[in-house]
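# An overview of the molecular structure
Listed below are the residues making up each chain.
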Amino acid sequence: MKTRLTTLFDLSVPVALAPMALACGGALAAACARAGALGLVGGGYGDLAWTQREYTLALQAAETAPTRSRIGCGFITWKLDEDASALDWLLDRPAGDKPRALMLSFGDPRPYGARIAAAGTTLVCQVQRMEQVPQAIEAGARVIVAQGAEAGGHGMNSLNGRATMTFVPELADWLAAHAPDTLLLAAGGIADGRTLAAALVLGADGALVGSRLWATRESLAAQGAKDQALRTNGDGTARSAVFDILRRKNWPAPYDFRAIRNDLHRQWEDRVEALRADPAAARARYDEAVKAGDFSAAHATVGEAVGLINDCPSAEDVLRRMARDAAALWR
């Protein structure tokens, strides 16, 4: 399956691992890279020690130079504005250890574009609306990710979010007219060969895959969360600020968080402002649930594609099946 994405990063499957914070560690990124995808470590909130440990593990587990060249990292941009030490550490690595790609999401990437380019690293920018695209181009993005509201974890809220099915082709047309050398990835709802082929037909050069690779053996997500995901269909997730409030994550508008709609979420989803005003009791319940592995209250971070996830194999198995089934459909 040759696309501009596979050519740029020397891949055998047109997929990049979504750099999901705390779930995408070095083992998962390396497994994806060995399977022929772009493996992005989930640097997330920019914790320096975590990023150092997991990125180093990814390079070690990648084993060969060609596979190491498929290792990158991703960060939450507004957190870099507060502390960019993890990004600085990555960009200061020796030439052979620098990330092949750096993905920035949720904020203005322009302050970081020149530094990333100077390091010889490819900038990937994730957007949720057309109005964000010129900013990403100005930052020097070589690849733009169109994230639909179906995606798990953080994304645009329901008032402002776009659907992958319409967002991807609109952005593909815009890039063809204004920045034809910029690659496009689709994100949100892509979890099997059918949905990967659909992304390519819509005009993307590949897909950023989160939930499906979250539910793999190499993922750092808790086994109880993975087990809950296997019992949940596509009706079973919701996008709100509930779990950000419970986790003490001060996310700016207009972003919120999609996860499985469990008992604790249902208790507060219609009373978000009341929860925000007095979160102490709900936070105590959430904290205890996390310690106990109780996912009636602890969160499981997946998107609407959870209804397409029926097992928890290795990342290599997932990518092999996706590539095989997509190739049979995509011409």
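A brief look at the structure comes next. Values in this document were obtained by computation on a predicted structure and should not be read as measured data. Residue indices follow the written sequence of each chain, beginning from 1 at its first position. Only residues with pLDDT of at least 70 get local features here, since the model is predicted, and only at 80 or more are side-chain atom pairs given and counted; chain-wide, interface and lining totals rely on the full set of residues. Excluded from the side-chain calculations are hydrogens and water; all other atoms, namely the structure's heavy atoms, are used.

Here we take up the packing of aromatic side chains. Stacked, edge-to-face and tilted are the three classes for Phe, Tyr and Trp ring pairs, Trp counted by its six-membered ring, which pair at centre distances within 6.5 Å; planes under 30 degrees apart are stacked, over 60 edge-to-face, the rest tilted. Counted according to the given criterion, the structure contains 7 aromatic pairs. Measuring from centroid to centroid gives 5.1 Å for Phe 106 and Trp 251, while their planes differ by 75°, and the two rings are edge-to-face. In this pair, Phe 106 is assigned in the loop between β4 (101–105) and α7 (110–118) and Trp 251 in the loop between α13 (242–246) and β11 (255–260), connecting sequence segments 145 residues apart. Only protein chains enter the accessibility calculation, which uses a 1.4 Å probe; a residue whose area is less than 20% of its type maximum is buried, one above 50% is exposed, and one in between is partly exposed. Relative accessible area serves as the criterion here: at 12%, Trp 251 is assigned to the buried category. The ring of Phe 257 has Arg 247 sitting right over it, with the charged end atom 4.5 Å from the ring centre. Under the DSSP-based scheme used, a helix requires at least four consecutive residues in state H or I and a strand at least two consecutive residues in state E, with every element numbered from the N terminus. Placement of a charge over a ring requires the Lys NZ or Arg CZ to be within 6 Å of the ring centre, with the centre-to-atom vector within 35 degrees of the ring normal.

With respect to burial, strand β3 (residues 71–76) is a largely interior element, 6 of its 6 residues being buried. Residues Ile 71, Cys 73 and Phe 75 line one face of β3 and the alternating positions Gly 72, Gly 74 and Ile 76 line the opposite face, and both faces are buried. Pairing between strands is defined by DSSP: at least two bridges between them are needed. For strand β2 (residues 39–44) and β3, the ladder comprises 5 bridges, and the chain directions are parallel. The residue of β3 that forms the bridge with Val 41 is Cys 73.

Let us look at the pairing of β11. Counting buried positions over the 6 residues of β11 gives 6, a clear majority of the element. Pairing between strand β10 (residues 237–240) and β11: 4 bridges, direction antiparallel. In the strand pairing of β11, Thr 237 is matched with Ile 260.

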